[in-house]
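Given next are the chains, with one letter for each unit.
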Amino acid sequence: MHMGSSMNKHESKYFNTALLMNEALIRSLDKKDYEYITVKEICDIAGVNRSTFYLHYETMEDLLLETIENMFNDLKIDIQAILLRKK
């Protein structure tokens, strides 16, 4: 995930916490199907409190959608970089 330089300290911390939860979901998906992953499990892996999870997301589906969107955006950036190198 790529971070812009215009973030203040609070936004940066919020962003980094979200990134930890995105990564926790990806790690969990390596071990089991999505339907069996819990909020508690995400929080334990990410090292955040359950209340922090709910500051960021209303549901696990919200986390899943954000994670997919971030992965897609990162892939898009990587593809653009590869295409630029070929010019």
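All values reported here derive from a predicted model rather than from experimental measurement. (Residues numbered from 1 in each chain as written. Predicted model: local features only at pLDDT ≥ 70, side-chain atom pairs only at ≥ 80, totals over all residues. Heavy atoms only, no water.)

1. Quick word on the packing of helix H1 (residues 9-29) against helix H4 (residues 60-86)
When two helices pack together, their arrangement is given by the angle between the helix axes and by the axis-to-axis distance.
So, step 1. Interaxial distance between H1 and H4 falls to 10 Å at its minimum, and their mutual angle equals 95°. Classified by the angle their axes make, H1 and H4 are roughly perpendicular. For the pair H1 and H4, the contacting residues are Ala18, Met21, Asn22, Leu25 and Ile26 in the first and Met60, Leu63, Leu64, Glu66, Thr67, Asn70 and Met71 in the second.
So, step 2. Of the residues belonging to the contact of H1 with H4, the class tally is 8 nonpolar, 3 polar and 1 charged. (Axes fitted to C-alpha atoms, helices over the stretch in contact; angles between N-to-C directions. Helix = DSSP H or I, 4+ residues; strand = E, 2+ residues; numbered from the N terminus. Parallel < 35°, antiparallel > 145°, perpendicular 65-115°, else oblique. Contact = heavy atoms within 4.5 Å. Nonpolar A, V, L, I, M, F, W, Y, C, P; charged D, E, K, R; others polar.)

2. Comments concerning the side chain of His56
So, step 1. Position of His56 relative to the elements: it lies in helix H3 (residues 50-56).
So, step 2. Exposure remark for His56: the relative accessible area of 15% places this residue in the buried category.
So, step 3. Once you skip the residues sitting within four places of it in the chain, His56 turns out to touch Tyr14, Thr17, Ala18 and Met21. (Buried < 20%, exposed > 50% of the residue type's maximum accessible area, 1.4 Å probe, protein only.)

3. Brief notes about the nonpolar core
So, step 1. Counting 14 residues, the largest nonpolar core has Met21, Leu25, Ile42, Phe53, Tyr57, Met60 and Leu63 as its most contacted members.
So, step 2. At the level of elements, H1, helix H2 (39-46) and H4 are the ones that each hand at least two residues to this core.
So, step 3. The contacts of Tyr57, once residues within four sequence positions are left out, are Ala18, Met21, Asn22, Asp62, Leu63 and Glu66. (Core = buried A, V, L, I, M, F, W, Y, C linked by side-chain atoms within 4.5 Å.)

4. Remarks on the pattern of salt bridges
So, step 1. For the structure on display, the rule yields 2 salt bridges.
So, step 2. Its salt-bridge partner being Glu41, residue Lys32 comes within 3.1 Å of it at the nearest N-O pair.
So, step 3. A salt bridge links Lys40 to Asp44; the nearest nitrogen and oxygen atoms lie 2.8 Å apart. Within this pair, Lys40 and its partner Asp44 are both found in helix H2, separated by 4 residues, close to a single helical turn.
So, step 4. On the basis of relative accessibility, which here comes to 52%, the residue Lys40 falls in the exposed class.
So, step 5. A relative accessible area of 52% places Asp44 in the exposed class. (Salt bridge = Lys/Arg side-chain N within 4 Å of Asp/Glu carboxyl O.)

Nothing here speaks to function; it is geometry throughout.
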